[in-house]
Amino acid sequence: MLMDKPNHNEHYTYFLTDAALEYQESNPSKNIDKELYMEHDEQILRMIIEFFNGKN
């Protein structure tokens, strides 16, 4: 599986949404929104699950 989407090709960034990456880049220091900070891209996770289940 090749992960070459811009900004989603480094360690762990391929799991996160664009919104999460933008939030992380803003370097929040107080009252961090943990859900947004680690928001996972459901489409990518579904694709990985389907790959391991042999559906691709």
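Throughout what follows, the structure given in this document is the object of discussion. As the structure is a prediction and not an experimental result, all values here were calculated from the model. (Residues numbered from 1 in each chain as written. Predicted model: local features only at pLDDT ≥ 70, side-chain atom pairs only at ≥ 80, totals over all residues. Heavy atoms only, no water.)

**Topic: a nonpolar patch on the surface**
- Taken together, Ile32, Tyr37 and Met38 make up a surface patch of nonpolar side chains, about 240 Å² in accessible area.
- Within the secondary structure, Ile32 is located in the loop between helix 1 (18-25) and helix 2 (34-37).
- A relative accessible area of 39% places Ile32 in the partly exposed class. (Patch = residues over 30% accessible without salt bridge, like charges linked within 9 Å, V, L, I, M, F, W, Y side chains within 5 Å. Areas by Shrake-Rupley, 256 points an atom, 1.4 Å probe, with all protein chains shown as cover. Salt bridge = Lys/Arg side-chain N within 4 Å of Asp/Glu carboxyl O. Helix = DSSP H or I, 4+ residues; strand = E, 2+ residues; numbered from the N terminus. Buried < 20%, exposed > 50% of the residue type's maximum accessible area, 1.4 Å probe, protein only.)

**Here we look at the packing of aromatic side chains**
- Applying the stated criterion across every chain yields a total of 4 aromatic pairs.
- Measuring from centroid to centroid gives 5.3 Å for Phe51 and Phe52, while their planes differ by 80°, and the two rings are edge-to-face.
- Here Phe52 falls in the exposed class, since its relative accessible area comes to 66%.
- The rings of Tyr12, Tyr14 and Phe15 are connected pair by pair, giving a single aromatic cluster. (Phe/Tyr/Trp six-rings, centres within 6.5 Å; stacked < 30°, edge-to-face > 60°.)

That is the geometry; function is a separate question.
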